[in-house]
Amino acid sequence: MKRSVVVIGSQWGDEGKGKITNYLSEKADFVVRYQGGDNAGHTIQFGGTTYKLHLIPSGIFNANIINVLGNGMVINPRNLLEEINNLKSLGYDCKNLRISERAQVILDYHLELDALKEKALGSGKIGTTKKGIGPAYTDKTSREGIRMVDFVSSDFKKLYSEKLNKKNEEIARLGGETIDFEKTYLEYKEIADQIQEYVCDTITLLNDGIRNGKKILFEGAQGAMLDVDFGSYPFVTSSNATSGGVCSGSGVGPTFIDEIIGVVKSYSTRVGSGVFPSEFEDEVAKDIRERAHEYGTTTKRPRRIGWLDCVVLKYSTMVCGFTGISLMLLDILSGLEQIKICTAYKVDGKIITTVPANNKLYEKCEPVYETLPGWKEDISKVTSFSQLPENAKHYIERIEELVGVKVKCFSVGPDKTQTIMREEIF
Ligand code: IMP
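Rules used throughout
By convention here, each chain's residues receive numbers from 1 onward along its written sequence. Thresholds applied to this predicted model are a pLDDT of at least 70 for local features of residues and 80 or more for the giving and counting of side-chain atom pairs; totals over whole chains, interfaces and linings are not thresholded and use all residues. Excluded from the side-chain calculation are hydrogens and water; included are all heavy atoms of the structure. The helix count covers DSSP runs of H or I at least four residues long, the strand count covers runs of E at least two residues long, and both are numbered beginning at the N terminus. The size measure is the radius of gyration over C-alpha atoms, and the globule rule it meets is 2.2 Å times the number of residues to the 0.38 power. Only protein chains enter the accessibility calculation, which uses a 1.4 Å probe. A residue is then buried if its area is under 20% of the maximum for its type, exposed if over 50%, and partly exposed in between. In what follows, a contact means two residues having at least one pair of non-hydrogen atoms within 4.5 Å. All accessible-area figures derive from a Shrake-Rupley calculation using a 1.4 Å probe, and residue coverage is judged against the displayed protein chains alone. A pair of strands is considered paired only if DSSP assigns at least 2 bridges between the two. The set of buried Ala, Val, Leu, Ile, Met, Phe, Trp, Tyr and Cys residues whose side-chain atoms join them within 4.5 Å is what this entry labels a nonpolar core. Source of the domain bounds: an automatic or database domain assignment. Working definition: residue near molecule or strand if any one of its non-hydrogen atoms lies within 4 Å of it. Nitrogen and oxygen atoms within 3.5 Å of one another constitute a polar contact, given that in protein one can donate a hydrogen and the other can accept it, and given that sequence-neighbouring residues count only through two side-chain atoms. In this analysis, rings of Phe, Tyr and Trp, with Trp reduced to its six-membered ring, are considered paired at centre separations within 6.5 Å, and the interplanar angle assigns stacked below 30 degrees, edge-to-face beyond 60, and tilted for intermediate values.

Colleague: Looking at this model, I keep getting lost on the overall build of the chain. Mind explaining?
Modeller: Helix and strand content of the chain: 13 helices and 20 strands. A compact globule built from 426 residues should have a C-alpha radius of gyration of about 22 Å, and the chain, at 21 Å, falls within 12% of that. Taken across its 426 residues, the chain has 56% of its residues classed as buried. Taking the contacts inside the chain whose residues are at least 6 apart along the sequence as the reference set, 76% of them involve residues at least 24 apart. Accessible surface, the chain as shown: approximately 17700 Å² in total, 49% of it carbon and sulfur.

Colleague: Hey, could you run me through the pairing of strand S5 (residues 66–69) in this one?
Modeller: Regular strands place side chains that alternate from one sheet face to the opposite one. Every second residue of S5 is oriented toward a common face, with Ile 66 and Val 68 on one face and Asn 67 and Leu 69 on the other, all of them buried. With 4 bridges joining them, strand S2 (residues 30–33) and S5 adopt parallel strand pairing. Counterpart to Arg 33 in the pairing with S5 is Leu 69. Judged from the 3 bridges that link them, S5 and strand S7 (residues 97–100) form a sheet pairing that is parallel.

Colleague: Even after reading the chapter, I still don't get the nonpolar core, so can you show me in this structure?
Modeller: Note on soluble globular proteins: their nonpolar side chains tend to be buried together. Ile 75, Leu 80, Met 148, Phe 151, Tyr 160 and Ile 195 are the most contacted members of the largest nonpolar core, which totals 41 residues. Every element with two or more residues in this core is listed here: strand S4 (49–53), helix H2 (77–89), S7, helix H3 (108–121), helix H5 (148–151), helix H6 (156–173) and helix H7 (181–195). The biggest single contributor to this core is H7, with 6 residues. Looking at which domains feed residues into this core, each of domain 1 (4–101 + 198–259) and domain 2 (104–195) gives three or more. Residues contacting Tyr 160, with those up to four places away along its chain left out, are Leu 107, Tyr 109, Ile 146, Ile 179, Phe 181, Thr 184, Tyr 185 and Tyr 188.

Colleague: Help me understand the site of the ligand in this model?
Modeller: Around the ligand sit 16 residues, and of these Asp 14, Asn 39, Thr 129, Thr 237 and Arg 301 come closest. For the ligand, an oxygen atom lies 2.6 Å from a polar atom in the side chain of Thr 129.

Colleague: Can you help me understand the side chain of Thr 21 in this one?
Modeller: Here Thr 21 shows up in helix H1 (residues 17–25). The exposure class assigned to Thr 21 is buried, which follows from its relative accessible area of 0%. A polar atom in the side chain of Thr 21 sits 2.5 Å from the backbone oxygen of Lys 17. Among residues more than four places away in sequence, those in contact with Thr 21 are Val 7, Val 31, Ser 58, Leu 217 and Glu 219.

Colleague: Can you help me understand the packing of aromatic side chains in this one?
Modeller: We describe a pair of aromatic rings using the distance from one ring centre to the other and the angle between the two ring planes. Scanning all chains against the criterion turns up 18 aromatic pairs. Geometrically, the ring pair formed by Phe 156 and Tyr 160 is stacked, given 5.2 Å between the ring centres and 10° between the ring planes. Of the two residues, Phe 156 and Tyr 160 are both situated in helix H6; the distance of 4 residues between them amounts to about one turn of the helix. A relative accessible area of 3% means that Phe 156 is categorised as buried.

Structural data, given as C-alpha cells:
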C-alpha cells in the first residue's frame with residue numbers, strides 16, 4: 001500500500017499537474033502543496049465546469065480530503081482569502097483547508113520589489129509572474145520574513161511596521177511607490193482574522209496522519225527546470241520544485257515517500273525567459289498554442305512551444321527520481337504528419353546528453369531530433385492504451401525507452417474522464 005505519492009512537473013511547469021493531481025486526490029486523505037505560491041495556476045475541469053486555483057490544492061472540492069499549504073510555501077494572504085471566498089461562493093466551505101504556521105507570507109512590498117527588480121533588469125529580466133515570489137523567498141533565507149504564525153498574531157503590527165520601514169527605503173531607492181502602513185495594516189489585520197482558523201501545525205498533522213495509515217498526495221508547482229538548484233539559473237523560480245522540496249516543504253521525511261510521478265506534457269512549453277533548445281515557431285507551433293490554449297493561467301502570457309525534450313526529461317528524472325510518468329495532452333498532437341523528439345544536443349561539434357549548467361553553452365545547444373510518424377485519428381475518446389493508433393502507442397513507448405521510466409497514465413483531453421491509467425498509482 002502506498003502511503004504517499006508526489007506529483008511533479010518534469011519540464012518548465014504547466015504540464016497538466018492540476019488535472020492528474022485532481023484525479024489522484026480521490027484516493028488521498030491529504031493533498032499537500034510544499035513550495036511556491038500563487039505563481040502557480042492549476043486548471044481543473046470536471047462536470048463541465050472549469051476551476052482555476054493558484055494556492056489551494058485541488059482536493060478542496062472533496063470535503064473528506066484535508067488540503068494543506070505546507071511550510072515551504074510563500075502565501076499572499078489577500079489572494080488566499082479571495083480564493084477561499086470564491087470557493088465558498090461556489091458552495092465549497094473550505095473547512096478542509098489547513099495552512100502551515102511556518103509558511104512565509106507575501107506582502108505588498110514583495111510584489112512591488114518583484115516588479116522593480118524585473119524593471120531594473122531590462123532585457124535581462126527573468127520574466128517572473130510578479131507575484132512577489134523571489135523577494136519573499138529572499139526574506140525567508142535572509143531570516144527577515146514574516147511567517148503565518150506571526151501574521152495572525154498580535155505581534156504582527158510591530159513586526160510589520162519595522163519591516164515595512166526598511167522595505168520602503170529599498171522601494172524608494174529603486175524608484176518605486178512606497179507603501180502606506182496604516183492602510184495596509186488594517187487590511188491585513190482583517191484578512192488575518194479571517195484566515196486564522198486555518199493556520200495550524202501541519203507538520204504534526206501530516207506525520208500523525210501518515211502513522212495512522214492516511215494517504216498523502218503531494219502536489220508540486222512549477223517544474224523541475226524551474227527549480228532554483230537544478231533549473232536554468234537564474235531563469236528559475238525561487239523554490240525547490242523537484243522532489244527534494246517535498247520533505248523540506250512539508251516536514252514529512254523522505255522514508256515516507258513511496259511514488260514520484262513526473263508529469264510530462266507531450267510536447268514542451270515555457271513562459272518567461274531562458275534557454276529552450278527545442279523551441280520552434282511556425283504554423284504547427286501556433287496551432288498547438290491555440291488548440292491547447294497555451295497561455296499562462298497566472299499571467300495570460302502566450303507560452304513558448306517546443307518539441308518534447310528527452311534530454312530535459314532524463315535530467316529531471318535523475319534529479320527527482322521519478323518512478324512513473326503521467327503523459328499529458330497527447331490528443332493535442334493528433335493530426336500532425338510528424339512528431340519530433342529531442343534526444344541529444346549538439347554543441348561545438350560535440351553531442352551531449354545532459355543539461356549544461358553554463359547558460360552560454362546551453363544557448364548554443366542545437367537539438368538533435370528523432371522524427372516519428374504522427375497519427376490522424378481523434379484519440380479523445382479512447383479509454384485504454386490498446387485503443388490508441390499504432391503511431392501514438394509507438395510515441396509513448398519511445399518516450400519510455402528514452403527516459404527509462406514507465407508511462408503509467410496518459411491524458412487525451414481536459415476532462416477528468418479522459419485520464420487513462422495503465423497502472424494503479426495510488
Ligand atoms: P516567479 O516564480 O514568479 O519568480 O517566476 C520565475 C520563473 O518561473 C518565470 O520564468 C516564470 O514564468 C516561471 N514560473 C513561475 N511559476 C510558474 C508556473 O506555475 N508555470 C510556469 N512557469 C512558471
